[in-house]
Amino acid sequence: MEIAREKLIDMYRVMVRIRAFEKKVSKEFAAGNIPGFLHLYTGEEAVAVGTCANLSPDDYITSTHRGHGHVIAKGGKTDRMMAELYGKVAGYNKGKGGSMHIADMGIGIIGAYGIVGSGIPIAVGAALSAKLRKTDQVAICFLGDGATNTGRFHEGVNLAACLNLPVIFIIENNVYAESTRISDTCKLANLADRACAYGIPGVTVEGNDVLAVYEAVGKAVARARKGQGPALVECKTYRLRGHFEGDMQTYKPPEEREMWQKKDPIPRFRKYLIKKGVLAEKDAERIDQEIDEEIENAVKFAEESPLPAPEEVLTDVSA
Amino acid sequence: MKETTFLQAVNEALFEEMERDPNVILLGEDVRIWGAPRGEFKGLFDKYGPERVIDTPISETAILGGAIGAAATGMRPIANIMYSSFLGVCGDELINHLTQTRYMSGGKIKLPVTIMSYFGAGFSAGAHHSSSLHGLLVSIPALKVVVPSTPYDAKGLLKSAIRDDNPTIFLSHQMLMRRSLKDPIPDEEYTIPLGKADVKREGSDVTVVATVLMVHRALSAAEKLEEKGISIEIIDPRTLVPLDKQAIIDSVKKTGRLVVMTEEPSTGSAASTLSAIIAEEAFDFLDAPIKRINAPDTPVPFSPILEKVWMPDEEDLIAAVTEMI
Ligand SMILES: Cc1ncc(C[n+]2csc(CCOP(=O)(O)OP(=O)(O)O)c2C)c(N)n1
Ligand SMILES: [Mg+2]
């Protein structure tokens, strides 16, 4: 598969952006500047980036409690995200949603759902709407391994299959749902096998290889745009941090953590790009630096943004 | 006597009840390693094993549905639904089965299920991890709603909830998990009956019925009101269903004024139901209209500044009480 140089570099940049955003967010959270719960995507960047590299701004995604990566990969601005995490008016949701719930209809982010599995039928509904409106939009539904155990996963995928809708289910199999291994709660070795129960294609890919994700999702998106219906892509990955910030991760065997640390998708892709001559070492460094500056500015933007006025409590309840 | 936190009190109650009755089983997510949301189930798996302490997939529907089936056939299950908002996932089990099966079976089926769940704002967790559904829960016939405000009450009430032959929901507030909130708890066993209120502070001018975190806010408001020469009596019903009407009526007879302070949107709230009951049954003793102090009719906002506005607090109570007399 031939991928344009600019595209490859952009994929790298977005992965670095997600990582740097979360590194900063984790620091500010520890310093008490960001309230609430924080679920980091660190280690799983290749999934969101490889997926969203196939999309245009008017395609839809639904996100989860671990949503920063999805939002950034779909084109979300780190300054407005940061402001949301700080609970400020300039945030994507005016400070009403927080880290778990960033939404921006302008770039097709229908919302992020803190209740596991909620996004699944909602993505199906967005695909239904795209089909009825006769656009070639697709809907991407990001979900965790744990979410495949919820009832709405099965109901949502089945409905999408029956209606032949342009929706792709991206299972981010990061081995765990909170402290619980997926192998303890599901007896399938590959979650992609769940697809056959609904008569749709399902594939498992190496989720830390951004190009493998890009290619597999690309095929599913192309099918969906042609009216050939839904598909499921399982991306095997690993969250390198706790379920939430503050989680001691006692349930992870140290060898397992080490093994996955070595498979970190970002150094891996960087090495690949340099080896292929797409990027020179110093270009990569410049990108890393630019992103660091962007994130510093995002924090400044968030800090300088005003707090919501108290009356804001009562607004936005109904249309 | 031992100084005990809310979490420890809950944990002790669970150990005691699992020891006492081999039919008590626990179903929930992450109960094995984490001891579930905040560690209240810690140690139970090691002691009682995977048959009685069951780590489930993310399947609230299967947790509560499974609890119903097990209860109907002789078990006494505890179903852990991490946050009240997630009750939406098993709404059918909660609304149509857990609480209607006994009636619809002509009294033949008994469902001694205890749901344990968290709610409560103050943590900037956003609406999906903060909402209180008290109004909805009290409106479900046959569901007992247990709302402890202290470690001591939590332990005694949870034990009674587990022993109760009816469906109960035991709701803990996230903000009461702090380590500084401790009660001396007796070494010997005790239970607290469901449906018995507790006077958290005696007073003479205004009766304040408060629940959960609001009890603590009312207690601190009481100090400030006392400086102004106003004395409030704080009644904690401890269970919203069954409701200890008599304790509230007795207090209103003395004070002639009632404020109901709960953390929930106002319309359709448990506070509204309670106010209506007192208005009907104790109108003659009231010298002023009943006041409710609740949250606005909105979801819980994330931003700390908005969340603070959303939550009822000391100032709201002080203003309401001062205006009343
Ligand atoms: C319905 C529901 N049940 C339980 C939870 C608590 N919870 C939050 S995240 C999570 C694990 C989700 O696992 P997975 O789907 O694999 O996503 P990951 O966190 O690994 O990205 C759980 C159980 C929830 N938010 N919603
Ligand atoms: Mg997972």
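This text goes with the structure placed above it.
Presented here is a report on the structure given in the accompanying data block. (Residues numbered from 1 in each chain as written. Chains lettered and ligands numbered in written order. Predicted model: local features only at pLDDT ≥ 70, side-chain atom pairs only at ≥ 80, totals over all residues. Heavy atoms only, no water.)

A look at the nonpolar core
Residue and element names in this part refer to chain B. In terms of nonpolar packing, the biggest core is built from 96 residues, with Leu14, Leu94, Ile115, Leu137, Val145, Ile232 and Leu317 touching the most fellow members. Considering every element that reaches this core, the biggest residue donor is helix 8 (residues 213–227), with 7 residues. When sequence neighbours within four positions are dropped, the list of residues in contact with Ile232 reads Arg201, Glu202, Gly203, Val206, Val208, Ala218, Ala222, Leu225, Leu317 and Val321. (Core = buried A, V, L, I, M, F, W, Y, C linked by side-chain atoms within 4.5 Å. Buried < 20%, exposed > 50% of the residue type's maximum accessible area, 1.4 Å probe, protein only. Helix = DSSP H or I, 4+ residues; strand = E, 2+ residues; numbered from the N terminus. Contact = heavy atoms within 4.5 Å.)

Notes on the environment of A:Leu163
The residue A:Leu163 is located in helix 6 (residues 151–163) in this model. The partly exposed category is assigned to A:Leu163, whose relative accessible area is 35%.

Regarding helix 8 of chain B
Residue and element names in this part refer to chain B. Counted at 1.5 Å a residue, the expected span for helix 8 with its 15 residues is 21 Å, and the 22 Å between its end C-alpha atoms agrees. If you check which residues of helix 8 are buried, you get Leu213, Met214, Val215, His216, Arg217, Ala218, Ala221, Ala222 and Leu225. The inward-facing, buried residues of helix 8 contact strand 7 (168–173), strand 9 (198–201), strand 10 (206–210), strand 11 (232–236), strand 13 (258–265) and helix 12 (314–324). With its phi angle positive at about 80°, Gly229 sits one or two positions after the end of helix 8. (Expected span 1.5 Å × (residues − 1).)

Things to note about the coordination of the magnesium ion (ligand 2)
Residue and element names in this part refer to chain A. On the protein side, the magnesium ion (ligand 2) has Asp145 (OD), Asn174 (OD1) and Tyr176 (O) as donor atoms, found 2.1 Å from it. Counting gaps between the donor residues of the magnesium ion (ligand 2) yields the pattern D-x28-N-x1-Y. Across this residue pair, the class does not change: Asn174 and Tyr176 are buried. (Donors = N, O, S within 2.8 Å, 3.2 Å for Na, K, Ca; no water.)

A closer look at a nonpolar patch on the surface
Taken together, the side chains of A:Leu128, A:Leu132, A:Leu159 and A:Leu163 present a nonpolar region at the surface, about 340 Å² in accessible area. Tracing the chain through its elements places A:Leu128 in helix 5 (residues 119–132). (Patch = residues over 30% accessible without salt bridge, like charges linked within 9 Å, V, L, I, M, F, W, Y side chains within 5 Å. Areas by Shrake-Rupley, 256 points an atom, 1.4 Å probe, with all protein chains shown as cover. Salt bridge = Lys/Arg side-chain N within 4 Å of Asp/Glu carboxyl O.)

Regarding the sheet that holds strand 10 of chain B
Residue and element names in this part refer to chain B. Read across the sheet, 5 strands follow the order 9-11-10-13-14 without closing on themselves; strand pairing throughout is mixed. The open sheet has two edge strands, strand 9 and strand 14 (291–295), and neither has a second partner. Neighbouring strand axes in the sheet, compared pairwise and without regard to direction, differ in orientation by 25° on average. With 3 bridges joining them, strand 9 and strand 11 adopt antiparallel strand pairing. Residue Arg201 lies in a different strand from strand 11, and its bridge partner there is Ile234. Relative to strand 13, helix 10 (residues 270–282) is tilted by about 155°, and along the sheet it contacts strand 10, strand 13 and strand 14. (Pairing = 2+ DSSP bridges. Axes fitted to C-alpha atoms, helices over the stretch in contact; angles between N-to-C directions.)

Concerning the packing of aromatic side chains
The full count for this structure, using the stated rule, is 12 aromatic pairs over all chains. Ring geometry for A:Tyr238 versus A:Trp260: centroids 5.2 Å apart, planes at 5°, classification stacked. Separated by 22 residues along the polypeptide, A:Tyr238 in the loop between strand 8 (231–236) and helix 9 (254–262) and A:Trp260 in helix 9 bring together distant segments of the chain. With respect to class, A:Tyr238 is no different from A:Trp260; both count as buried. The interplanar angle of 40° and the centroid separation of 5.6 Å between the aromatic rings of A:Phe244 and B:Trp34 together place this pair among those described as tilted. (Phe/Tyr/Trp six-rings, centres within 6.5 Å; stacked < 30°, edge-to-face > 60°.)

Here we look at the site of ligand 1
In the vicinity of ligand 1 lie 21 residues, with A:His65, A:Arg66, A:Gly146, A:Asn174 and B:Glu60 positioned nearest. Within the side chain of A:Glu178, a nitrogen or oxygen atom sits 3.1 Å from a nitrogen atom of ligand 1. Contact with the protein chains covers 98% of the free accessible surface of ligand 1, which is 580 Å². Taken together, the residues of the shell around ligand 1 sort by class into 9 nonpolar, 7 polar and 5 charged. (Near = heavy atom within 4 Å. Polar contact = N/O pair within 3.5 Å; in protein donor to acceptor, adjacent residues only side chain to side chain. Nonpolar A, V, L, I, M, F, W, Y, C, P; charged D, E, K, R; others polar.)

A look at the interface of chain B and chain A
If you look at the interface, chain B gives 34 residues, while chain A gives 40 residues. Around 2700 Å² of area is buried between chain B and chain A when both sides are counted, 70% of it from carbon and sulfur atoms. At the junction of chain B with chain A, the criterion picks out 1 salt bridge. In this structure, the connection of chain B to chain A is made through 8 residue pairs in polar contact (both at pLDDT 80 or more). Elements that contribute at least two residues to the side of chain B that touches chain A include exactly strand 4 (76–83) and helix 11 (304–310) of chain B. Tallying contributions element by element places helix 11 of chain B first for the side of chain B that touches chain A, with 5 residues. Within the side of chain B that touches chain A, the residues separate by chemical class into 19 nonpolar, 10 polar and 5 charged. (Buried area = accessible area lost by both parts, 1.4 Å probe.)

Brief notes about the layout of surface pockets
Computed from the structure, the second largest pocket encloses a volume of approximately 520 Å³. Considering the residues around the second largest pocket, the lining is formed by 21 residues, among which A:Asn93, A:Lys96, A:Gly97, B:Ala127 and B:Pro299 are closest to the centre. Residues belonging to the lining of the second largest pocket are distributed by class as follows: 10 nonpolar, 8 polar and 3 charged. Residues lining the lining of the second largest pocket come from more than one domain, with at least three contributed by each of domain 1 (2–185) and domain 2 (198–324) of chain B. (1 Å grid on protein atoms, 1.4 Å probe; cavity = no way out; pocket = protein on both sides within 12 Å on 5 of 7 lines; lining within 4 Å. Points joined across faces, edges and corners; volume = space filled by probe spheres on them. Domains from an automatic or database assignment.)

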